Amino acid sequence: MFIPQVDAPTLLNSQSVITPPLQLDKPPHFSLDVSGVAGLLGGDDAVSAMAAVHVYGGRRWLGWYNTPGSFQIAKRLSSFAKSVSLRGNISKPFFSKSVDTDPTALFGTVDCKGPKFRAAHSGTVMQETSHVATLFMKECAAWDSEGNVVPGRRTQPVGITIADLGQAPASEMRPARSSAFTLLFASIPIAVSIGTCALCAVCGDWYASSLILVGIVASGISCLVLGSADFVFTHPEPAKGSPAGDGILGSDKDIVLLRGTEGAVNSITRGSFSLRFSSAAHYTLIRWCSVLFFIQCITQLLLIPQASLFGQVMFLTSLGASALYNAWLSSLDKEKIHRKLVFERVLENPTLTKYTLGTRTTAVVFMLLVLQPQDSTRLLNELLPNDTKVWKQWKATVLEQLRHPRDQSFLSESKLGDLDRFTQQQRDLLHLLFEDARAAYNGYRDYLGVDLL
């Protein structure tokens, strides 16, 4: 077999033609690690914690720490300032008079509408009430589970809370807010952030030190700007000569009977909270706060990998302490705090009396007895729209006896009249309905503090 001979110089020349693969030189001292994206985490808790600036007193001064979630905060502040501009809430000139805005718009929450309200004397029907009415309803529901249980037939129990409101609050007020130990707990992330910033500076790691400082400044200035708004409660003043504002607030299972002046009832059905900035210039400052948070997010993402291992550990330590504080602050029940704010600071602890009645029929008669409306017929037909022969007879009998609610004859079934025109089944139903009315009357006498006979 023939094998060609290749001399050594030729072999060396052929190998020299093969070039090695291209090697890209990496920039010295650059390593992208996960610590750079730490500022993108914890956004929900950070936004919720910043929302607390209007819930707790003095919170505006306690934002000086390197908070995580800068990207989410920046987006929320930017969308808030833009939404205010689109709604035309910023008036001219630039340094104008005070500007009000809905506090729920700032943090993307939903301003829940309140339940339906029926006025007992004026005939007003409000399909939707204010968010304050929702808060008041929930506070009444949490006040006592069942209250006074009225004996009688039990099919679908209805809870009724009678709220005697007393004096109407001022048409505009700035209620005092809870402290909730914010100063004590806020001192922890503030101390950790300042301490880690100082340690990095002492060790010569200016990347980590400066970025922690940027986070402290961004959070502190934003809390100052947002906290500069007054937390204001307002409600419309009633017209002179308005009748009492008594009425029915609630759904089928949980009902609150509001008793008081028109102004006191208006504070619940039409009251609202708002953030009042001293001028439109504050919305421009909010935009700049958003820009500052965007800058913080980008610089942390790009420059933290340039820091030393010690600097990165200090940076993550400051974020960790701040994240724990944000998580604690966001875990507090802000709705419960708002409910207490309405109940204790705005309405000044109205008197509540709760009853549980076994059927809706019993509940309706009880409400009519307590409220004594001007037009009982209208209200009775709205609450119980049944219009069969039995129901018409029962309604006519009850309406007649409602004219004299303290008369002992209310307990007499003889007022039903001639029952020969009803079948036995209809008589049985009529008897049950009348027993419901009698149970309601007994509950009403208990409310009045009158001994039952």
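Residues numbered from 1 in each chain as written. Predicted model: local features only at pLDDT ≥ 70, side-chain atom pairs only at ≥ 80, totals over all residues. Heavy atoms only, no water.

**Student:** Before we move on, could you go through the environment of Trp391 and cite the residues and values that matter?
**Tutor:** In this fold, Trp391 is placed in helix α14 (residues 389-402). Placed 39 residues apart in sequence, Trp391 and Leu430 show a C-alpha to C-alpha distance of 7.7 Å. If sequence neighbours within four positions are ignored, Trp391 has contacts with Thr361, Leu384, Asn386 and Leu433. (Helix = DSSP H or I, 4+ residues; strand = E, 2+ residues; numbered from the N terminus. Contact = heavy atoms within 4.5 Å.)

**Student:** Let's hear about the packing of α14 against helix α15 (residues 424-448): which residues, and what values?
**Tutor:** The packing of two helices is summarised by the inter-axis angle and the distance between the axes. The geometry of α14 relative to α15 is characterised by a closest axis approach of 10 Å and an angle of 30 degrees between their N-to-C directions. The orientation of α14 relative to α15 falls into the category roughly parallel. Crossing geometry of α14 relative to α15 is assigned as right-handed. Contacts from Lys389, Val390, Trp391, Gln393, Trp394, Thr397, Val398 and Gln401 of α14 reach α15 at Gln426, Leu429, Leu430, Leu433, Phe434 and Ala437. (Axes fitted to C-alpha atoms, helices over the stretch in contact; angles between N-to-C directions. Parallel < 35°, antiparallel > 145°, perpendicular 65-115°, else oblique. Left-handed = near helix turned anticlockwise from the far one by under 90°.)

**Student:** Which residues make up the side chain of Lys395, and what values go with them?
**Tutor:** Residue placement: Lys395 occurs in helix α14. No salt bridge forms around the buried Lys395; measuring N to O, its nearest opposite-charge neighbour Asp387 is 7.2 Å away. In terms of polar contacts, Lys395 uses its side chain to reach the side chain of Asn381, at 3.1 Å. Beyond its immediate chain neighbours, meaning those up to four positions away, Lys395 contacts Leu380, Asn381, Leu384, Pro385 and Asn386. (Buried < 20%, exposed > 50% of the residue type's maximum accessible area, 1.4 Å probe, protein only. Lys, Arg positive; Asp, Glu negative; His and termini not counted. Salt bridge = Lys/Arg side-chain N within 4 Å of Asp/Glu carboxyl O. Polar contact = N/O pair within 3.5 Å; in protein donor to acceptor, adjacent residues only side chain to side chain.)

**Student:** I'd love a proper account of the packing of aromatic side chains, names of residues and values included.
**Tutor:** Counted under the stated rule, the structure contains 10 aromatic pairs. With centroids separated by 6.0 Å and ring planes inclined at 75 degrees, the aromatic side chains of Phe71 and Phe294 adopt a geometry described as edge-to-face. Here Phe294 lies in helix α9 (residues 281-303) and Phe71 lies in helix α3 (residues 70-86), a separation of 223 residues in the sequence. A centroid spacing of 5.2 Å and a plane angle of 55 degrees characterise the contact between Phe233 and Phe273, whose relative ring orientation is tilted. Here Phe273 lies in strand β10 (residues 272-277) and Phe233 lies in strand β7 (residues 230-234), a separation of 40 residues in the sequence. Each member of the pair, Phe233 as well as Phe273, carries the same accessibility label: buried. (Phe/Tyr/Trp six-rings, centres within 6.5 Å; stacked < 30°, edge-to-face > 60°.)

**Student:** Could you give me a rundown of the nonpolar core, with the residues and numbers involved?
**Tutor:** Counting 47 residues, the largest nonpolar core has Phe136, Leu165, Leu258, Ile268, Phe273 and Ile286 as its most contacted members. Sorting elements by how many residues they give to this core places helix α5 (residues 131-143) first, with 6 residues. Dropping the residues within four chain positions of it, Phe136 is found in contact with Ala163, Leu165, Val256, Leu258, Ile268, Phe343, Leu347, Pro350 and Leu352. Of all hydrophobic cores here, the second largest spans 37 residues; its members include Ala363, Phe366, Leu369 and Leu379. (Core = buried A, V, L, I, M, F, W, Y, C linked by side-chain atoms within 4.5 Å.)

**Student:** Give me the lowdown on the pairing of β7, citing residues and values where you can.
**Tutor:** One ladder, built from 2 bridges, connects strand β6 (residues 172-173) with β7; its direction is antiparallel. Counterpart to Glu172 in the pairing with β7 is Thr234. The pairing of β7 with β10 spans 5 bridges and is antiparallel. From the neighbouring strand, Asp230 faces β10, where its bridge partner is Arg276. (Pairing = 2+ DSSP bridges.)

**Student:** Give a detailed account of the sheet that holds strand β4 (residues 148-149), specifying residues and quantitative values.
**Tutor:** Spatial strand order, β3-β2-β8-β9-β5-β11-β4: 7 strands in an open sheet with mixed pairing. In this open sheet, the two strands that pair with only one neighbour each are β3 (125-126) and β4. Here 3 bridges tie strand β2 (residues 117-119) to strand β8 (residues 247-250), and the two strands are oriented antiparallel to one another. Bridge pairing in β8 links Arg118 to Ile248. Where helix α8 (residues 262-269) meets the sheet, its contacts fall on β2, β3, β8 and β9 (254-259), and the angle it forms with β9 comes to roughly 145 degrees.

The values are spatial; any link to function lies outside them.
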